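Per-entry structural report
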Amino acid sequence: MSKTKVSPIGSSWDEFEKKTFTPEEIMESDLRVALISELIRARNDQGITQKQLEEASGVKQPVIARMEKGTTDPQLMTILKILRPLGKTLAIVPIEEKQPRNIHLRTFKKGGTFRQKPMR
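In what follows, the accompanying structure is described. These numbers were taken from a predicted model, which means no experiment stands behind them.

1. Observations concerning the overall build of the protein
- Counting secondary structure elements, the protein contains five helices and two strands.
- A buried classification covers 28% of the 120 residues belonging to the protein.
- Counted over contacts in the protein with a minimum sequence separation of 6, partners at least 24 positions apart contribute 40%.
- Taken as a whole, the protein presents about 9000 Å² of accessible surface, with 56% of it coming from carbon and sulfur.

2. Some points on the nonpolar core
- Membership of the largest hydrophobic core comes to 13 residues, with the highest contact counts inside it found for Leu 39, Leu 53, Ile 64, Met 67, Ile 79, Ile 82 and Leu 86.
- Where this core is concerned, the elements lending two or more residues are α2 (23-45), α4 (61-69) and α5 (76-83).
- For this core, the leading source of residues is α2, giving four residues.

3. Some words on the environment of Ala 42
- For Ala 42, the location among the structural elements is in helix α2.
- By relative accessible area, which is 5% here, Ala 42 ends up buried.
- Residues Ala 42 and Leu 83 lie 41 residues apart in sequence; the distance between their C-alpha atoms is 8.7 Å.
- Not counting the four nearest positions on each side in its chain, Ala 42 is found in contact with Leu 86 and Lys 88.

4. Structural notes on the pattern of salt bridges
- Applying the stated criterion to the full structure yields seven salt bridges.
- A salt bridge links Arg 41 to Glu 38; the nearest nitrogen and oxygen atoms lie 2.7 Å apart. Highlighted residues: Arg 41 and Glu 38, both in helix α2, separated by three residues, approximately one helical turn.
- Look at Arg 41 and you get partly exposed, because its relative accessible area is 29%.
- The shortest N-O distance in the salt bridge between Arg 43 and Glu 68 comes to 2.7 Å. Highlighted residues: Arg 43 in helix α2 and Glu 68 in helix α4, separated in sequence by 25 residues. Each member of the pair, Arg 43 together with Glu 68, is buried.
- What emerges from the salt-bridge pattern is a single network uniting Glu 38, Arg 41 and Lys 88.

About the criteria used
Residues numbered from 1 in each chain as written. Predicted model: local features only at pLDDT ≥ 70, side-chain atom pairs only at ≥ 80, totals over all residues. Heavy atoms only, no water. Helix = DSSP H or I, 4+ residues; strand = E, 2+ residues; numbered from the N terminus. Buried < 20%, exposed > 50% of the residue type's maximum accessible area, 1.4 Å probe, protein only. Contact = heavy atoms within 4.5 Å. Areas by Shrake-Rupley, 256 points an atom, 1.4 Å probe, with all protein chains shown as cover. Core = buried A, V, L, I, M, F, W, Y, C linked by side-chain atoms within 4.5 Å. Salt bridge = Lys/Arg side-chain N within 4 Å of Asp/Glu carboxyl O.

Now the structure itself:
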């Protein structure tokens, strides 16, 4: 039996990610994670279960669960239906080209102003 060391691809996830994915793919993934994280945070902050969100949005609970797990790529209308009962919506904002990994997700609270959160 050989005792040859197997070298991992890179020494960290960031290094592996940069070697494997294009900057556009990384930015798209970061944006998807930021959006779903904000959705989960809003639901948890309001103490709403997935089932209650189903009743308020019309989107079935299993679909919400798959979105939150990241195992599905939801359509825009599905996301909007889920955000509405949470008092949120989406906004189109300029992309910061200088720092592509620095994703900012802006959410709009009902009756409030934009709140910008840097996402990692």
